[in-house]
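# Residue-level structural notes
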Amino acid sequence: MAKLFIPGPIDVSKETFAAMSQTMIGHRGAEFEALYASTQPGLQALIGTSRPVFLSTSSAWGVMEAALKNLCQKKVLNLCCGAFSDKWNGVAKSMGLDQDKIQVEWGEAIDPAAVKAKLEEGGYDLVTLVHNETSTGVMNDLEGIARVVKSFEGVQLVVDTVSSLSVVPIEMDKLGIDVVLAGVQKALALPPGMAVFACSLDAIKRAETQPNRGYYFDLLEFEKAAPKNNTPSTPSISIIFGLQYILGEIEKEGLEARFARHAANNQMIHDWGAKHGFDNFAPEGRQSKSLTCFKTPEGFDQSTFIKHLKTDHGYAINGGYGKIKGLTFRISNMGNETQETMQELIDAMDQVLNTHTARS
Ligand SMILES: *Cc1c(COP(=O)(O)O)cnc(C)c1O
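Residues numbered from 1 in each chain as written. Predicted model: local features only at pLDDT ≥ 70, side-chain atom pairs only at ≥ 80, totals over all residues. Heavy atoms only, no water.

### Observations regarding the state of the cysteines
The full count for this structure, using the stated rule, is zero disulfides. Cysteine Cys72 shares no disulfide, and the gap to the nearest cysteine sulfur, in Cys80, comes to 14 Å. This cysteine, Cys199, is not joined by any disulfide, and Cys72 carries the nearest cysteine sulfur, 15 Å off. Residue Cys199 is classed as buried on the basis of its relative accessible area, which comes to 0%. (Disulfide = S-S within 2.5 Å. Buried < 20%, exposed > 50% of the residue type's maximum accessible area, 1.4 Å probe, protein only.)

### Focus: the pattern of salt bridges
Summed over the entire model, instances satisfying the criterion amount to 14 salt bridges. Notably, a salt bridge pairs Glu221 with Lys224, separated by 3.6 Å at the nearest N-O pair. With Glu221 and Lys224 both in helix H9 (residues 219–225), this residue pair falls three residues apart, about one helical turn. (Salt bridge = Lys/Arg side-chain N within 4 Å of Asp/Glu carboxyl O. Helix = DSSP H or I, 4+ residues; strand = E, 2+ residues; numbered from the N terminus.)

### Description of the site of the ligand
Taken together, Ser59, Ala60, Trp61, Met64, Phe84, Val130, Asn132, Thr134, Asp160, Val162, Gln185 and Lys186 make up the full set of residues near the ligand. Within the contact set of the ligand, an oxygen atom lies 2.5 Å away from a side-chain nitrogen or oxygen of Thr134. Considering the ligand on its own, with 380 Å² of exposed area, one finds that the protein chains cover 89% of that surface. The greatest single-element share of the shell around the ligand, amounting to three residues, is contributed by helix H3 (residues 60–71). A breakdown of the residues in the shell around the ligand according to their chemical character gives six nonpolar, four polar and two charged. (Near = heavy atom within 4 Å. Polar contact = N/O pair within 3.5 Å; in protein donor to acceptor, adjacent residues only side chain to side chain. Areas by Shrake-Rupley, 256 points an atom, 1.4 Å probe, with all protein chains shown as cover. Nonpolar A, V, L, I, M, F, W, Y, C, P; charged D, E, K, R; others polar.)

### Things to note about the layout of surface pockets
Its boundaries defined by the atoms lining it, the largest pocket holds a volume of some 230 Å³. Forming the boundary of the largest pocket are 13 residues, of which Asp11, Val12, Ser13, Lys14 and Phe17 lie nearest the centre. Elements with a contribution of two residues or more to the lining of the largest pocket: strand E1 (3–4) and helix H1 (14–20). Examining the composition of the lining of the largest pocket, we find that three residues originate from one element, H1, more than from any other. Across the lining of the largest pocket, the residue classes tally to eight nonpolar, one polar and four charged. (1 Å grid on protein atoms, 1.4 Å probe; cavity = no way out; pocket = protein on both sides within 12 Å on 5 of 7 lines; lining within 4 Å. Points joined across faces, edges and corners; volume = space filled by probe spheres on them.)

### Considering the sheet that holds strand E4 (residues 99–103)
Sheet architecture is open: seven strands sit in the order E2-E10-E9-E8-E5-E3-E4, paired in mixed fashion. A single partner strand is all that each edge strand has here, and the edge strands are strand E2 (54–56) and E4. The sheet shows a mean angle of 20 degrees between the axes of neighbouring strands, taken without regard to direction. Sheet topology note: the strand E3 (residues 76–80)/E4 ladder contains five bridges and is parallel. Bridge pairing in E4 places Leu79 opposite Ile102. Strands in contact with H3 are E2, E3, strand E5 (126–130), strand E8 (156–160), strand E9 (179–183) and strand E10 (195–199); relative to E9, the strand with the most contacts, it is inclined by about 160 degrees. (Pairing = 2+ DSSP bridges. Axes fitted to C-alpha atoms, helices over the stretch in contact; angles between N-to-C directions. Contact = heavy atoms within 4.5 Å.)

### Side note on the nonpolar core
A general tendency of soluble globular proteins is for nonpolar side chains to be buried together. Counting residues in each nonpolar core, the largest one holds 87 residues, and the members touching the most others are Leu119 and Val196. The biggest single contributor to this core is helix H10 (residues 237–253), with eight residues. Among residues more than four places away in sequence, those in contact with Leu119 are Leu77, Tyr124, Val127, Val148, Val149, Phe152 and Val155. Formed by 21 residues, the second largest nonpolar core is a distinct cluster that contains Phe5, Trp272, Ile306 and Ile331. (Core = buried A, V, L, I, M, F, W, Y, C linked by side-chain atoms within 4.5 Å.)

See the structure below:
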């Protein structure tokens, strides 16, 4: 099996798997409460909040849908700039919500001024933003957009940080974000199956006035369970053991060092691309630090490149997502990668370029 350098799921370390294979415990008892409690300070630091961080046994989409269901009472504005952000609008439509979107070309970032102009039309009470659009490698201006949304009374902001949490600082409380969510299989380098999220008190207050919230994704159920260091229903306990381990590793490394490591690893891939004439799909200044999305140059046999990287060297990268499949390729630098492991990937890619394609 190839080592994953696709932008999620990513490589999971042996140490993480070992932590996950601890003896099973019941989730209604002191052992689980201690486990749950141990995850809170680390998650709160990553998300930049003093609010509890909830653990949802679902992928990120569960929480993305939950945010719409619990918080949209009037009309949601979806900020669309790629596969995941576009789909959030599709999900809002499928739920029968009153919705509108700002749609920019894939590869572009959302302009805070456009958000301001749209919200000035009135009638909105919710905005969704994908911070790091994993399909295009664009990192949106979270601070600028949050500032705009916060200037509109009664409009709440939900932010998907699925592929940016633990890669760059997220300041939920400082920016006044109402929901921050992330799946654990991206930058946190855990197996898929769980999401983490935090809700502002304003979000909780709004949910209290929202009918028909259901049970599994009811924000109030999570809010009620959190002070007891518990989850509404049986969680993925093994993944939480893994999360506890990873958060310990993050604490040892230090947040600043972790952010710097990701930036440096990302730069290595940018430099490699520049050397071979691969242009970034995302514009300068708005490029992701967790992955790189390259435009596939005219005449470059991308599928042969990706195939030989996998069969000859055991590394998996991604050949583009959604409607830019084949036109782009993506390389992740999330999780536990080091300068050494990134260099191993780069050496392998260079060998494949030399052996199997016209580029050198
Ligand atoms: C991967 C990803 C998702 C979807 O996550 P699931 O775990 O499949 O629910 C959502 N948003 C972004 C930005 C992603 O990268």
